[in-house]
Amino acid sequence: MSAFVGKYADELIKTAKYIATPGKGILAADESTGTIGKRFSSINVENIESNRQALRELLFTSPGAFPCLSGVILFEETLYQKASDGKPFVDLLQENGVIPGIKVDKGVVDLAGTNGETTTQGLDSLGARCQEYYKAGARFAKWRAVLKIGATEPSELSIQENAKGLARYAIICQENGLVPIVEPEVLTDGSHDIKKCAAVTETVLAAVYKALNDHHVLLEGTLLKPNMVTPGSDSPKVAPEVIAEYTVTALRRTVPPAVPGIVFLSGGQSEEEATLNLNAMNKLDVLKPWTLTFSFGRALQQSTLKAWAGKTENVANAQATFLARCKANSEATLGKYTGDASGDSAASESLFVKGYKY
Amino acid sequence: MSAFTSKFADELIANAAYIGTPGKGILAADESTGTIGKRLASINVENVETNRRNLRELLFTAPGALPCLSGVILFEETLYQKSSDGKLFVDILKEGGVLPGIKVDKGTVELAGTNGETTTQGLDGLGDRCKKYYEAGARFAKWRAVLKIGENEPSEHSIHENAYGLARYAVICQENGLVPIVEPEILVDGSHDIHKCAAVTERVLAACYKALSDHHVLLEGTLLKPNMVTPGSDSPKVTPEVIAEHTVRALQRTVPAAVPAIVFLSGGQSEEEATRNLNAMNQLKTKKPWSLSFSFGRALQQSTLKTWAGKEENVKAAQEALYVRCKANSEATLGTYKGDAKLGDGAAESLHVKDYKY
């Protein structure tokens, strides 16, 4: 095999496959302390540890939500937090068939000589960190690479750097028992059309899979977290069926069948948009050798956050809102969503923030 | 799309899909004048044009053979030849539902500074040649790149040269209406085991698909012609099921689902071995988003040649021998071959020639 088959190979393959179970998907609850602060200020909640703990407890104890989820991505602080009854979050998740994951990158830095393009850092001592996370109960990891579309972007340098960074991260994870989610996000910012996004996405994904092969990554023990293929944020919107067609075509042209699942990021899409698009992809009558599911952050939590507003008396209502989004997306992974999730106005609100700094 | 959009796009996609029709495959009858001379010499037949024409007429008019075939690869001379009753071979094929293909490479030359590694030539004026071939009735092309396994082989240089030569050839074909068969053959010569062959095959195929992406090739309008993954010729043999498992896994890890069909070369395998291996692959219960078929030269013609021996009175028997192999391989593409084909003279004979010069 050109793939490195270490002692964790069987476990990695099993975990990746489980995360990709049809009907389930991932809740991305790995907002860093800085980022969750922005969310909190939008609902006038103080960014202190007890509030961060309260939010995650709200999410992880929502009745009925677990069956819709195969994994939750956590920030490091959350990996070691407990519910108010003293039970570690990690145990709560595992007992309910949800695999804990961990964000391991350390954010982006500018690439000198480019027009605002970035690379992602976090490789130093990554192996040792992964070992610690594995001991704490994590079984998958996530690393976000970011690319943008512009007149001369993404540059070859940016594509190569980000692809190689992802590949190096991925093999280190596998050496230490964590399934790497490979996330090469092509930002929606811009006035380009969907064809441009498709071309860039295909070029980026081709480079990513070449890099993964060069680094001997075991594809059966990985997941892909790509952007959907859409028009730029400043361009006219198109129907979910169009997004589905361009997205699935791009993936069929680049993602080897050995990859068990593709877990889409929602970018700046509203909760409802993201669900409708995922649903359209799963309804598309074309051969798809990987499951198509979700790894949503904002698109699962937006209306839940608003409903909660930091108040204990709102928790039950917020949890019901969260469950509605989980169910909608679970149905979307099966192509069965009929678009009747609770008609919360927040669900249709675009979550796009120009030049969004994660 | 990162793929270039040619005016022939729809036709390329339709033809590539047709060649991959389950139950059908390709007869590789594109032996150059020099190569066919070796075959004819082995049955004591003079290498003159009439004999070359007679052989091909025998093949193309064999009762029952054409329905098992979706394509036949021809050498340039044959593209313009007629049967004894004055009908162009290409017309006979077309009327029989078989697409004519054309070998367009001009053989291999050594790569200086390597240990006998080669690259393939034939790009000069290729566009114009393809146009002429299209006018003559060809609808697909073939270009053979060759790599070998050794201590330090294949080198990164050889992989890169051959992958990018294939990609350049492929896009020129598509610009001119021909479906390119992409053939990166890794020779079976050597004492390596099947794992080594798998690792090299995965590495080579990953490089090919990166190159095809870089050159904007429309994958839906291509075919892949790879080696099966086997132990080296000097190593102990393994069962068809083992070959099937390693081969399909290598393809799952590297060949995007957009490629409609994979048409294996037979290398030095005997007729019966090649068929059994193909059959085992089609019986394997695993993800195979492309159809798996054959593009056999020696493994379809060996017993036919021996039976014919250049004699008019043997034509009928020779044609029956061809039909037997065509039918067996047709069944193998469906995984229904029972291994009961009437073995013709030499059907179980290895066709491996050490350090074979094509």
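The structure presented is a predicted model; accordingly, all values stated were derived computationally and were not measured.

So, on to the packing of aromatic side chains. One pass over the structure, following the stated rule, counts nine aromatic pairs over all chains. With centroids separated by 5.3 Å and ring planes inclined at 55°, the aromatic side chains of Phe8 of chain B and Tyr134 of chain B adopt a geometry described as tilted. Highlighted residues: Phe8 of chain B in the segment before helix H1 (9–19) and Tyr134 of chain B in helix H6 (residues 126–135), separated in sequence by 126 residues. By relative accessible area, which is 12% here, Phe8 of chain B ends up buried. Taking the relative accessible area as the measure of exposure, Tyr134 of chain B reaches 19% and is therefore buried. When the ring of Trp143 of chain B is compared with that of Tyr169 of chain B, the centres are 5.2 Å apart and the planes differ by 25°; the resulting orientation is stacked. Of this pair, Trp143 of chain B sits in strand S6 (residues 140–147) while Tyr169 of chain B sits in helix H7 (residues 156–175), and the two are 26 residues apart along the sequence. Sitting above the plane of the Tyr134 of chain A ring, Arg139 of chain A keeps its charged end 3.6 Å from the centroid. The ring of Tyr134 of chain B has Arg139 of chain B lying over it, and the distance from NZ or CZ to the ring centre is 3.6 Å.

This part is about the layout of surface pockets. All names here are of chain B. Reported here for the largest pocket is a volume of approximately 720 Å³. If you go around the largest pocket, you meet 47 residues; those closest to its centre are Val188, Ser266, Gly267, Gly268 and Gln269. For the lining of the largest pocket, the secondary structure elements donating two or more residues are helix H2 (33–42), S6, strand S7 (179–186), helix H9 (240–252), helix H10 (271–283) and strand S10 (291–296). Of the residues belonging to the lining of the largest pocket, the class tally is 18 nonpolar, 16 polar and 13 charged.

All right, on to helix H3 (residues 49–60) of chain B then. Think of an α-helix as 3.6 residues a turn; residues three or four steps apart then line up on the same face. Given a rise of 1.5 Å per residue, twelve residues ought to cover 16 Å, and the 16 Å separating the end C-alpha atoms of H3 of chain B matches this to within 8%. With nine of twelve residues buried, H3 of chain B lies mostly within the body of the structure.

Next up on the list: the environment of Ala307 of chain A. Here Ala307 of chain A shows up in helix H11 (residues 298–308). In this view, Ala307 of chain A contacts Asn314, Asn317, Ala318 and Thr321 of chain A; residues no more than four positions away in its chain are not counted.

We now examine empty space enclosed by the protein. Rolled over the atoms, a probe with the dimensions of a water molecule shows which regions are left empty. Residues and elements named next belong to chain A. Following the criterion strictly, the structure yields three cavities of 30 Å³ or more and no others. Estimates place the volume of the largest cavity at around 320 Å³. When residues of the lining of the largest cavity are assigned to their parent elements, the largest contribution, six residues, is made by helix H8 (residues 194–214). Its residues placed into classes, the lining of the largest cavity shows 14 nonpolar, seven polar and six charged.

Looking now at the pattern of salt bridges. Between side chains of opposite charge, a pair can form as their charged atoms come close. Counted under the stated rule, the structure contains 35 salt bridges over all chains. Among the salt bridges present, the one from Asp30 of chain B reaches Lys142 of chain B, with a minimum N-O distance of 2.8 Å. A residue pair is termed long-range when its members are at least 10 positions apart, and Asp30 of chain B in the loop between strand S1 (25–29) and H2 and Lys142 of chain B in strand S6 qualify at 112 residues. Residue classification places Asp30 of chain B among the buried positions, given a relative accessible area of 2%. A salt bridge links Glu77 of chain B to Arg52 of chain B; the shortest N-O distance between them is 2.8 Å. In this pair, Glu77 of chain B sits in helix H4 (residues 76–79) while Arg52 of chain B sits in helix H3, placing the two residues 25 residues apart along the sequence. Connected via shared salt-bridge partners are Asp30, Lys103, Lys142, Arg144, Glu183 and Glu185 of chain A.

As a further point, take the pairing of strand S2 (residues 69–74) of chain A. Residues and elements named next belong to chain A. Along S2, six of the six residues are buried, which leaves the element largely enclosed by surrounding structure. Here strand S1 (residues 25–29) runs beside S2; their pairing, made up of five bridges, is parallel. Following the sheet pairing, Ala28 is matched in S2 by Ile73. Summarising the sheet, S2 and strand S3 (residues 99–103) pair through four bridges and their orientation is parallel. Within S3, the residue paired with Leu74 across the bridge is Ile102.

Here is what the cut-offs are and how they apply
Residues numbered from 1 in each chain as written. Chains lettered and ligands numbered in written order. Predicted model: local features only at pLDDT ≥ 70, side-chain atom pairs only at ≥ 80, totals over all residues. Heavy atoms only, no water. Phe/Tyr/Trp six-rings, centres within 6.5 Å; stacked < 30°, edge-to-face > 60°. Helix = DSSP H or I, 4+ residues; strand = E, 2+ residues; numbered from the N terminus. Buried < 20%, exposed > 50% of the residue type's maximum accessible area, 1.4 Å probe, protein only. Lys NZ or Arg CZ within 6 Å of the ring centre and 35° of its normal. 1 Å grid on protein atoms, 1.4 Å probe; cavity = no way out; pocket = protein on both sides within 12 Å on 5 of 7 lines; lining within 4 Å. Points joined across faces, edges and corners; volume = space filled by probe spheres on them. Nonpolar A, V, L, I, M, F, W, Y, C, P; charged D, E, K, R; others polar. Expected span 1.5 Å × (residues − 1). Contact = heavy atoms within 4.5 Å. Salt bridge = Lys/Arg side-chain N within 4 Å of Asp/Glu carboxyl O. Pairing = 2+ DSSP bridges.

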